[in-house]
Amino acid sequence: MHIVGIVLMLIGVYGLITNRHIIKMIVSINVLEIGLNIFIIAVGYGENTIAPILTKSNINATNFADPLPQALVLTAIVIGVGTTAILLAVARKLYQQYGTYDLTEMEGK
Amino acid sequence: MSLQLGLQIALGVIMVVIAIIAVEAKKIISSVIYLSLLSLLAVVGFVLMSAPDVAVTEAVIGSGIVTFLFVFTLIGVNKQTAIKEDSINDLDVHTISPLEGGDIK
Amino acid sequence: MIRPVLLVVLPLLIAFLSVMFKKQTKPLLLIAVLINAVVVFVIDKGEYIIGNHMQPYGIVLNVDNYSLYALIVLNVLFALLVLLNLAKITKIASILMIALGGLNGLLMTGDLFNLFVFLEISAIAAFMIVATNKKLIHVFNYMIIGIVGSVMYLFGVILLYSQYGTLNMNKMAELMTTTGTPATYIPIIMIFGGLAVETKLLPFNGWVKGVLGNSDSLVGPMIGSIYSGVMLIVFGRLFTDVFVLNDQVRILLSVIAIVTLIAGEVSAFSTMKLREILLYSSVAQSGLAVLLFLNGYGSIAVLVVFANVLAKFILFMLAGVMTNSHKKSEHTEYEHILNNTVDNHDDISTLAGIFVKNPLNGVAFSVASLSLASLPLFFGFFVKINVLYSMFLRGDYVLPAIILATSLVEGAYIIRMLVVLWNPGKEGEKATKEAVTSLNYEIDQLVCMVLLLISLSLVALGISPDLAIDRADEAGADLEYNISTEYVELEGGKE
């Protein structure tokens with residue numbers, strides 16, 4: 001799954017470069033962030049590891065997955081939501097100001 | 001090949017395909033729907049990689065909050081162009097609303 | 001006795017309180033800023049453990065000389081900026097608090113992921129401060145590039161974690177010196193790219209022209225002086241104290257910094273708009289500071305950052321006020337606000353001779369810009385002399401040649417700008433009435449006096465620079481890879 005994460009990040013960057021419609025640029029940034037989160041979780045996962053939660057039945061187990069990348073991803077997901085929200089607010093203001101969602105038309109005006 | 005590895009490979013391929021479609025879609029609203037679908041597949045991926053709390057968080061945020069924000073932005077703008085269309089009733093002006101808009105690249 | 005966590009926690013707490021008590025945002029903001037500016041002088045140095053988890057497992061705050069001096073400069077300048085702009089801060093008071101908390105945390109932290117979180121907090125606060133601008137498309141570009149930069153930084157951090165197993169900065173420095181650096185340098189290049197967005201290095205500084213080119217007197221000093229200084233200090237901490245680079249990567253990254261320096265100075269020379277000159281000069285100074293940090297001149301780089309922060313504070317604030325000027329007989333200030341027409345006089349030729357009518361502002365502006373151009377009697381002169389002296393001591397001759405050539409260009413455009421603003425018209429004659437512009441601007445008397453005081457401090461530091469140079473020496477001694485230890489402190493040679 002490491003490779004899937006990196007490929008998703010590359011697709012996100014490709015979408016950011018080629019699109020000119022603002023909403024699709026924001027969608028590409030979200031694809032980029034999903035790819036990054038998948039890569040981070042894949043770093044913490046080995047073969048045959050189980051979820052890092054202690055219950056009564058696996059209190060003596062030794063093959064837990066690494067919990068640190070999972071904490072990182074929780075923070076990164078919430079930061080991603082915050083930045084998406086503020087990007088969408090600016091996009092809406094831009095539509096009110098220019099009447100279009102297209103970056104090339106906006107730069108022309 | 002064990003079942004776990006096979007599932008991961010299949011899931012990975014489907015995610016890549018959906019991501020490409022989401023970035024290249026023609027209508028804006030279908031791009032947002034494909035993003036929501038990608039987020040759901042990411043939830044399945046997180047469960048397969050033994051991260052249940054991350055999966056729950058991503059399910060709530062990706063399929064709930066982010067999709068709602070996108071649709072809210074697009075709908076609000078659509079209402080604005082609809083109001084503009086109503087007020088111009090002697091000219092035959094057809095404004096293209098962004099929900100159905102053509103592909104602008 | 002007072003824990004430095006208060007510097008981060010207090011502004012965040014007051015930001016949340018100010019959302020609940022909307023009527024009292026301004027007094028709350030002033031209280032928080034003043035308390036921060038006073039508390040920063042009484043905290044002690046050391047490593048503070050957060051949450052009772054011992055070192056490699058928990059987060060520590062590193063307050064040593066390097067962080068302490070940066071914290072003092074940041075908090076005092078932030079307080080000054082807020083006090084000088086009392087009319088404009090009512091809309092964004094909560095966001096200024098979040099920015100203050102985030103910036104303080106950036107300077108103090110000792111953990112790589114904690115740095116990512118504070119970087120995001122400061123970046124989002126910067127997005128919202130810049131969004132008070134009229135032209136939102138530049139804000140959008142800044143946001144996109146900022147978010148991509150943060151993603152690159154986190155990618156680099158997670159690659160380092162998968163190799164070393166820790167995220168603590170002290171432990172990572174230890175592991176990197178004993179077990180060797182990553183076989184390919186991709187994590188370090190990713191982190192460099194992530195920080196290059198905020199420190200205005202060349203491939204990623206497309207946002208600078210739009211954001212700082214349309215700034216007023218609150219956004220300009222905030223982004224151009226305070227944020228720029230903090231990000232450069234963070235860069236210095238990471239690349240001299242934590243990471244160990246080998247020669248090839250060092251040369252590659254130094255080439256990027258040199259290209260930024262040259263491109264910044266040449267672009268500043270080729271434009272005639274006031275704010276663009278200042279922002280390209282900021283880009284060039286960032287390139288110079290990054291170059292010095294990468295090659296081990298840690299304490300000299302701290303001096304360069306300090307001189308740049310002080311000078312740009314004065315210059316951006318005055319530029320923000322001057323470019324909102326209007327003709328005296330035509331409109332009053334109220335009509336401008338009602339008709340929503342603020343004239344943006346950016347070109348130097350329309351502002352020609354404006355200092356003839358406002359000599360005190362002219363003195364502050366001239367002192368700051370001459371310090372930037374490194375003329376003697378001002379602080380910038382000693383900074384540049386020390387840069388060249390340290391490089392010559394090490395036997396390096398290529399870098400001083402580049403720095404001297406760009407200083408020549410810098411001197412040229414700064415003197416040209418000052419001549420047009422003071423004395424337009426034919427050379428050697430006093431300006432006639434027609435050549436002097438008829439624009440006027442209003443500036444608060446308090447602002448004028450404070451800016452004069454800051455510029456006088458630049459002159460005082462130019463006469464006896466050992467105050468600043470001793471501090472920079474102590475700060476540089478805390479960095480691991482720092483090789484510059486001899487300084488020029490008095491006129492007439494080494495002492």
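Residues numbered from 1 in each chain as written. Chains lettered and ligands numbered in written order. Predicted model: local features only at pLDDT ≥ 70, side-chain atom pairs only at ≥ 80, totals over all residues.

Caption draft 1: Layout of the confidence of the model for chain B. All names here are of chain B. Scored by pLDDT, chain B comes out at a mean of 82, with 73% of its residues at no less than 70. Mean pLDDT values over the elements of chain B span from 84, in helix α3 (residues 52-87), up to 93, in helix α2 (residues 28-48). Across the whole predicted complex the pTM is 0.90, and at the interface the ipTM reaches 0.95. (pLDDT = per-residue confidence, 0-100. Helix = DSSP H or I, 4+ residues; strand = E, 2+ residues; numbered from the N terminus.)

Caption draft 2: Molecular detail of helix α6 (residues 136-164) of chain C. Under the 1.5 Å per step criterion, the end-to-end length of α6(C) is 42 Å for 29 residues, consistent within 8% with the ideal 42 Å. Directly beyond the C-terminal end of α6(C), a positive phi value near 80 degrees is found at C:G165. (Expected span 1.5 Å × (residues − 1).)

Caption draft 3: Quick look at the interface of chain A and chain B. With 39 residues of chain A at the contact, the number on the chain B side is 36 residues. Looking at the side of chain A that touches chain B, the elements with two or more residues in it are α1 (2-18), α2 (22-43) and α3 (67-98) of chain A. With 11 residues, the single largest contributor to the side of chain A that touches chain B is α3(A). (Contact = placed C-beta atoms within 7 Å.)

Caption draft 4: Expanded view of the packing of helix α13 (residues 298-322) of chain C against helix α17 (residues 379-393) of chain C. All names here are of chain C. Running from N to C, α13 and α17 point in directions that differ by 155 degrees, and their axes come no closer than 10 Å. What the angle tells us is that α13 and α17 run roughly antiparallel. For the element pair α13 and α17, the recorded crossing hand is left-handed. Between α13 and α17, the residues in contact are I300, L303, V304 and A307 and F379, G380, V383, N386, V387 and S390, respectively. Residues that form the contact of α13 with α17 fall into these classes: seven nonpolar, three polar and no charged. (Axes fitted to C-alpha atoms, helices over the stretch in contact; angles between N-to-C directions. Parallel < 35°, antiparallel > 145°, perpendicular 65-115°, else oblique. Left-handed = near helix turned anticlockwise from the far one by under 90°. Nonpolar A, V, L, I, M, F, W, Y, C, P; charged D, E, K, R; others polar.)

Caption draft 5: Spatial organisation of the interface of chain C and chain A. Counting residues at the interface gives 18 residues for chain C, matched by 22 residues for chain A. Counting residues per element, the ones that place at least two in the side of chain C that touches chain A are α5 (112-130) and α6 of chain C. Looking at the side of chain C that touches chain A element by element, the count peaks at 12 residues for α6(C). In terms of residue class, the side of chain C that touches chain A is made up of 16 nonpolar, one polar and one charged.

Caption draft 6: Structural context of the nonpolar core. Residues A:V31 and C:V304 are the most contacted members of the largest nonpolar core, which totals 224 residues. Tallying contributions element by element places α13(C) first for this core, with 20 residues. Of the domains in this structure, domain 1 (1-132) and domain 2 (133-477) of chain C are the two that each give at least three residues to this core. Residues in contact with A:V31, not counting those within four places in the same chain, are A:L8, A:I11, A:G12, A:G15, B:A19, B:A22, B:V23, B:L35 and B:L38. (Core = buried A, V, L, I, M, F, W, Y, C linked by C-beta atoms within 7 Å. Buried ≥ 20, exposed ≤ 12 C-beta atoms within 10 Å, placed from the backbone. Domains from an automatic or database assignment.)

Caption draft 7: Geometry of the environment of C:A32. Residue and element names in this part refer to chain C. Here A32 shows up in helix α2 (residues 25-39). With 25 C-beta atoms counted inside 10 Å, the residue A32 sits in the buried group. With 115 residues separating them in the primary sequence, A32 and I147 have C-alpha atoms 29 Å apart.

Caption draft 8: The arrangement of unusual backbone geometry in detail. Residues and elements named next belong to chain C. The backbone phi angle of K200 is positive, close to 65 degrees, even though this residue is not glycine. Along the chain, K200 turns up in the loop between α8 (186-198) and α9 (207-213). The backbone of L377 sits at a positive phi, close to 80 degrees, despite the residue not being glycine. Checked against the element boundaries, L377 lands in the loop between α16 (359-372) and α17.

Caption draft 9: How the structure looks around the packing of α3(A) against α6(C). Packing of α3(A) against α6(C) leaves a shortest axis separation of 10 Å and a crossing angle of 170 degrees. Judged by the inter-axis angle, α3(A) sits roughly antiparallel to α6(C). Facing A:P69, A:A76, A:T83, A:L87, A:V90, A:K93, A:L94 and A:Q97 of α3(A), the residues of α6(C) in contact are C:L136, C:I137, C:V139, C:F140, C:M143, C:I147, C:L154 and C:I158.

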